[in-house]
Amino acid sequence: MEIISSVSVLRETLQGRQPVAFVPTMGNLHQGHIALVEQARRQGRCVVVSIFVNPLQFGAGEDLEKYPRTLEADCRKLQTAGADIVFTPSAQELFPTPQQFQVEPPLIANELCGAFRPGHFRGVATIVLKLFNIVQPACAVFGKKDYQQLHIIRGMVREFDLPIEIVAGETMRAEDGLALSSRNGYLTPEERAEAPRLYRNLLQIREAVATGRRDFVALESAAAADLASHGWQVDYISLRHAGNLQTAQAEDASLVALGAARLGTTRLIDNLECSAP
Ligand code: PAF
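Residues numbered from 1 in each chain as written. Predicted model: local features only at pLDDT ≥ 70, side-chain atom pairs only at ≥ 80, totals over all residues. Heavy atoms only, no water.

The next point concerns the pairing of strand E9 (residues 266-275). Across the ten residues that make up E9, a large majority, eight, are buried. Pairing geometry for strand E8 (residues 254-263) and E9, over ten bridges, is antiparallel. Bridge pairing in E9 places Arg262 opposite Arg267. Connecting the antiparallel pair E8 and E9 is a turn made up of two residues, with Gly264 showing a positive phi of about 60 degrees. (Buried < 20%, exposed > 50% of the residue type's maximum accessible area, 1.4 Å probe, protein only. Helix = DSSP H or I, 4+ residues; strand = E, 2+ residues; numbered from the N terminus. Pairing = 2+ DSSP bridges.)

For the rest of this paragraph, the subject is the packing of helix H6 (residues 120-135) against helix H7 (residues 147-159). At a closest axis distance of 10 Å, the pairing of H6 and H7 adopts a crossing angle of 50 degrees. Of the possible angle classes, the one that applies to H6 and H7 is oblique. Seen from above, H6 lies across H7 with right-handed handedness. Facing H6, whose interface residues are Phe121, Val124, Ala125, Val128, Leu129 and Phe132, H7 presents Gln148, Gln149, Ile152, Ile153, Met156 and Val157. Here the residues of the contact of H6 with H7 sort into ten nonpolar, two polar and no charged. (Axes fitted to C-alpha atoms, helices over the stretch in contact; angles between N-to-C directions. Parallel < 35°, antiparallel > 145°, perpendicular 65-115°, else oblique. Left-handed = near helix turned anticlockwise from the far one by under 90°. Contact = heavy atoms within 4.5 Å. Nonpolar A, V, L, I, M, F, W, Y, C, P; charged D, E, K, R; others polar.)

A few words on the sheet that holds strand E3 (residues 46-51). Sheet strands pair by backbone hydrogen bonding; their relative direction is either parallel or antiparallel. Read from one edge to the other, the open sheet built from six strands follows the order E1-E4-E3-E2-E5-E6, with strand pairing classed as parallel. On the outer flanks of this sheet lie strand E1 (2-4) and strand E6 (165-169), each paired with one strand and no other. Neighbouring strand axes in the sheet, compared pairwise and without regard to direction, differ in orientation by 25 degrees on average. Strand direction decides the pairing type here: strand E2 (residues 20-25) and strand E5 (residues 139-143), joined by two bridges, are parallel. Along E5, the bridge assignment pairs Phe22 with Ala140. Contacts between helix H1 (residues 7-14) and the sheet are confined to E1, E2, E3 and strand E4 (85-87), with E4 contributing the most and set at about 155 degrees to the helix.

To continue, consider the side chain of Thr126. Relative to the assigned elements, Thr126 resides in helix H6. A relative accessible area of 3% places Thr126 in the buried class.

A separate point is the site of the ligand. Close contacts around the ligand come from Pro24, Thr25, Met26, Asn54, Gln57, Ile127, Phe142, Asp146 and Gln149, and that covers them all. In the model, an oxygen atom of the ligand is placed 2.6 Å from a nitrogen or oxygen of the Gln57 side chain. Residue Gln149 places a side-chain N or O atom 2.7 Å away from an oxygen atom belonging to the ligand. Contact with the protein chains hides 89% of the accessible area of the ligand, taken as 290 Å² for the molecule alone. Taken together, the residues that form the shell around the ligand break down as four nonpolar, four polar and one charged. (Near = heavy atom within 4 Å. Polar contact = N/O pair within 3.5 Å; in protein donor to acceptor, adjacent residues only side chain to side chain. Areas by Shrake-Rupley, 256 points an atom, 1.4 Å probe, with all protein chains shown as cover.)

This part covers the pattern of salt bridges. Tallied over the entire structure, the rule returns 14 salt bridges. Note that Glu111 and Arg240 form a salt bridge whose closest N and O atoms lie 2.6 Å from each other. Pair noted here: Glu111 is in the loop between helix H4 (91-94) and helix H5 (113-116) and Arg240 is in strand E7 (residues 233-241), with a separation of 129 residues, a long-range link. A relative accessible area of 28% means that Glu111 is categorised as partly exposed. For Arg240, a relative accessible area of 8% translates into the label buried. Residue Arg173 is joined to Asp270 by a salt bridge in which the shortest nitrogen-to-oxygen separation is 2.9 Å. Residue Arg173 is found in the loop between E6 and helix H8 (189-194), and its partner Asp270 is found in strand E9; the two are separated by 97 residues along the sequence. The buried category is assigned to Asp270, whose relative accessible area is 4%. One connected set of salt bridges, linked through shared partners, spans Lys144, Glu170 and Glu273. (Salt bridge = Lys/Arg side-chain N within 4 Å of Asp/Glu carboxyl O.)

See below:
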């Protein structure tokens with residue numbers, strides 16, 4: 001496995017190694033990332049994983065400085081998972097001059113997580129477009145855990161005619177249902193024990209939708225109230241159309257229940273796809 005931090009060296013190294021399957025990450029890798037790398041291995045001849053904590057997607061007061069940087073451990077895991085190249089650029093390498101051009105995502109980027117993290121998806125779309133241009137992969141794997149991110153990246157690829165197949169990876173969960181996330185490491189032992197409640201509430205919504213319930217607002221409110229009564233600060237619990245992320249309508253067959261809430265200082269997100277009967 002090669003570890004490369006220069007854009008020009010990466011471009012040179014990738015000559016003749018197509019098709020490339022790409023997994024962009026911010027590091028602090030867990031089993032969820034490793035599953036994406038394994039999925040990438042089944043797609044391409046050469047698997048490139050990027051590790052870059054992207055300042056463009058963090059707002060003021062968010063966790064950019066304290067975001068865990070664990071490069072050595074990450075590289076060991078990637079070696080075992082069978083990655084071919086780890087791309088670890090510095091901010092100076094990716095932004096030799098300030099990034100003045102940015103990708104402006106559509107209005108859906110201002111809803112759900114975007115309503116609580118203004119500019120977040122502009123920062124994500126901008127760095128992902130840069131990484132796509134550098135790596136020029138045939139396919140790229142993104143986790144469904146960041147469902148809104150996946151939706152926005154799919155839209156960007158479609159509307160900019162990028163010749164890249166976007167592959168969705170299933171969310172990996174701990175035994176108690178908590179979605180694996182780099183931010184789980186911030187939780188105290190008490191918060192960690194409480195954390196699966198977000199998943200359990202989404203599961204209840206999924207079961208209710210599967211039995212034909214269509215009172216979506218009541219389902220969302222009940223989940224939010226349960227979380228709030230156990231000390232969570234709820235950003236949103238929302239049922240949406242799984243394809244376009246618009247507010248769920250009674251006639252929609254494929255839905256997704258999405259949630260974001262804070263336990264102490266840690267913001268957790270999760271989602272579950274739901275099918276109407
Ligand atoms: O999902 C992430 O880890 C990040 O948002 C991504 C896609 C690597 C862009 O920085």
